[in-house]
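Architecture and fold: a report
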Amino acid sequence: MSEIISAIVLGIVQGLTEFLPVSSSGHLELAKYILGDTSMAQQSLMMTVTLHVATALSTIVVFRKDIVEIFRGLFAFKWNKETEFSAKIILSMIPAAIVGVLFEKQIEALFTRNILLVAGMLAITGVLLMLAHRAKDTGKPVSYFSALLVGIAQAIAITPGISRSGATISTSVLLGIDRGEAARFSFLMVVPLILGKLAKDLLDGEYGQTENMIALASGFVFAFLTGLFACRLMIRLVKGSKLIYFSIYCFAVAIIAAAYILSKG
């Protein structure tokens, strides 16, 4: 039962922090540390991926109209704005896909409750958000070059503590992309990657190795429900240029986490 409760807590943490630019993976590592999670790196990463799939599903629900329009454009079988948008999404996926395939074991090793690493990366996220807060919104659309740069930011954000949404939205804003479009592109670009990771794990039999599918399911449900709320909230916050508050939050959590670990010496 304690494992199920822990999964529910992790699901709520994931759902709230996946879309808010404070690093869901970093907060999951902090939550696992606080909850005394002693799972191996592969098992820990499995829970993380499951929760990310749940929030990917909540993204699909929130942006369902956009996704339907994209598919309609694609099935028109001609070059149009939906086809162009899809091409930019695919381009943005390439850096993270390369990193995920070539450095899978190294990535797994990062998810072992390394709190000092998380604290350092949260501080970097805070810097990115501060810079984005000060940037001027020039209302530019997403270009192919900017899609690639945002994709590189997403690949770097695989590290726990670097916020994926924070890194991709901040990069977009710093490139002058319209804030509303930056949020939309940031949230939609991760869906194919997460679903691809899930498909790979299923084909590799990874989910057959877990001992508690009930815990995974519990975390999934709560991550999905809280993700619906956080996704809609984040869209409003990005448009309202409220990123500075999350920057301050990231700095505060980084300092507290680092100070706690160092005090235990």
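Look above for the structure.
Description of the structure in this document. (Residues numbered from 1 in each chain as written. Predicted model: local features only at pLDDT ≥ 70, side-chain atom pairs only at ≥ 80, totals over all residues. Heavy atoms only, no water.)

1. As for the environment of Asn212
By the element assignment, Asn212 lies in the loop between helix H11 (191-204) and helix H12 (213-239). Sequence separation between Asn212 and Glu3 is 209 residues, and the spatial gap between their C-alpha atoms is 8.3 Å. If near-sequence neighbours (up to four positions away) are discounted, Asn212 is found in contact with Glu3 and Ile4. (Helix = DSSP H or I, 4+ residues; strand = E, 2+ residues; numbered from the N terminus. Contact = heavy atoms within 4.5 Å.)

2. Some details on the packing of helix H1 (residues 2-17) against H12
Between H1 and H12, the least distance of the axes is 7 Å, while the angle of their chain directions is 25°. Accordingly, the angle class assigned to the pair H1 and H12 is roughly parallel. The chirality of how H1 crosses H12 is right-handed. Within the contact between the two elements, H1 uses Glu3, Ile4, Ala7, Ile8, Gly11, Ile12, Gln14, Gly15 and Leu16 and H12 uses Ile214, Ala215, Ser218, Gly219, Phe222, Ala223, Thr226, Gly227, Phe229 and Ala230. The residue inventory of the contact of H1 with H12, partitioned by class, reads eleven nonpolar, seven polar and one charged. (Axes fitted to C-alpha atoms, helices over the stretch in contact; angles between N-to-C directions. Parallel < 35°, antiparallel > 145°, perpendicular 65-115°, else oblique. Left-handed = near helix turned anticlockwise from the far one by under 90°. Nonpolar A, V, L, I, M, F, W, Y, C, P; charged D, E, K, R; others polar.)

3. Quick word on the layout of surface pockets
There is about 770 Å³ of room inside the largest pocket. Along its surface, the largest pocket is lined by 31 residues, and Ala96, Ile158, Leu193, Ile194 and Lys197 are the ones closest to its centre. Taken together, the elements giving at least two residues each to the lining of the largest pocket come down to helix H2 (24-35), helix H3 (41-62), helix H5 (81-102), helix H6 (104-110), helix H9 (164-174) and H11. Counting residues per element, the lining of the largest pocket draws most heavily on H11, at six residues. Partitioning the lining of the largest pocket into residue classes produces 15 nonpolar, eleven polar and five charged. (1 Å grid on protein atoms, 1.4 Å probe; cavity = no way out; pocket = protein on both sides within 12 Å on 5 of 7 lines; lining within 4 Å. Points joined across faces, edges and corners; volume = space filled by probe spheres on them.)

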